[in-house]
Amino acid sequence: MKRLLTIIFALGLAITAAAQPKLDLGIKGGVNFSKLSFDMDDYSAESVTKSHFGAFARIGWDRLFIQPEFYFSGKGGDVTSDIASTMASFDYSTFDVPVLLGYRIIKGKALDIHLIGGPVWSNITKEDIKGGDVFEDSFYKDRYMSIQYGVGVDVLFMTIDARMENGLSEIYSMDGESFKNNAFMLSVGFKIL
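As a starting point, this report considers the structure included with it. (Residues numbered from 1 in each chain as written. Predicted model: local features only at pLDDT ≥ 70, side-chain atom pairs only at ≥ 80, totals over all residues. Heavy atoms only, no water.)

**As for the packing of aromatic side chains**
Here's step 1: A complete count under the given rule lists 5 aromatic pairs for this structure.
Here's step 2: Look at Phe33 and Phe184: their rings are 6.3 Å apart centre to centre, the planes differ by 20°, and that puts the pair in the stacked class. Highlighted residues: Phe33 in strand β1 (residues 22-38) and Phe184 in strand β10 (residues 177-191), separated in sequence by 151 residues.
Here's step 3: For Phe33, a relative accessible area of 33% corresponds to the partly exposed category.
Here's step 4: Aromatic side chains Phe53 and Phe72 sit 5.8 Å apart centroid to centroid with 35° between the ring planes, which places their arrangement in the tilted category. Remark: Phe72 occurs in strand β4 (residues 64-81) and Phe53 occurs in strand β3 (residues 48-61); sequence separation between them is 19 residues.
Here's step 5: Stacked on the ring of Phe65, the Lys or Arg Arg58 has its end atom at 4.6 Å from the ring centre. (Phe/Tyr/Trp six-rings, centres within 6.5 Å; stacked < 30°, edge-to-face > 60°. Helix = DSSP H or I, 4+ residues; strand = E, 2+ residues; numbered from the N terminus. Buried < 20%, exposed > 50% of the residue type's maximum accessible area, 1.4 Å probe, protein only. Lys NZ or Arg CZ within 6 Å of the ring centre and 35° of its normal.)

Okay, here's the thing in structure tokens:
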């Protein structure tokens, strides 16, 4: 009986040790190719190139991990209208907080390849609108929600991600005129802990 209890205790310790989460902390930065998408047929947008920088944490169990991040990001787009021959430039900065779920499809000692996705909460910290007489300032939102999904590669202490970000809620909404932000993001991060 004593021997059985010792084996069960040792087995429980081994399972607990194996299930301990691994924690990584790091910094990251990269480029955004941001474009506004409209619910209106009369407007179209060109993408703009901006940057982002911030930090991330990764809490993992074997192949599965959770990756909360926070970073500052530039977004926007250049808008043209078919009916009014107007052009507006939307530049804005956001403070983004994604909470992403990841899965390592290839898990190695020096190289991992993972899929990642989840919601992003964005708070607009600064906006600069030029030539935007068509869109009234009072109908801009201070915050919005998006979803990110993509693929990443970890090589030793470095991580590289390629993600899409699709807006779920509007940045601007007035009388049936609304638009959301979409972006393609490339980032490089370095694990420092």
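**Some words on the side chain of Asp112**
Here's step 1: Relative to the elements of secondary structure, Asp112 occurs in strand β6 (residues 111-130).
Here's step 2: Reaching out from Asp112, the side chain makes a polar contact with the backbone nitrogen of Gly108 at a distance of 2.9 Å.
Here's step 3: With residues near it in sequence (within four places) discarded, Asp112 still touches Arg104, Ile106, Lys107, Gly152, Val153 and Asp154. (Polar contact = N/O pair within 3.5 Å; in protein donor to acceptor, adjacent residues only side chain to side chain. Contact = heavy atoms within 4.5 Å.)

**Things to note about the pairing of β1**
Here's step 1: Two strands pair when backbone bridges link them, and β1 and β3 are joined in this way by 13 bridges, in the antiparallel orientation. From the neighbouring strand, Gly30 faces β3, where its bridge partner is His52.
Here's step 2: The sheet contact formed by β1 and β10 spans 13 bridges and is antiparallel. Paired with Gly29 across the two strands is Val188, which belongs to β10. (Pairing = 2+ DSSP bridges.)

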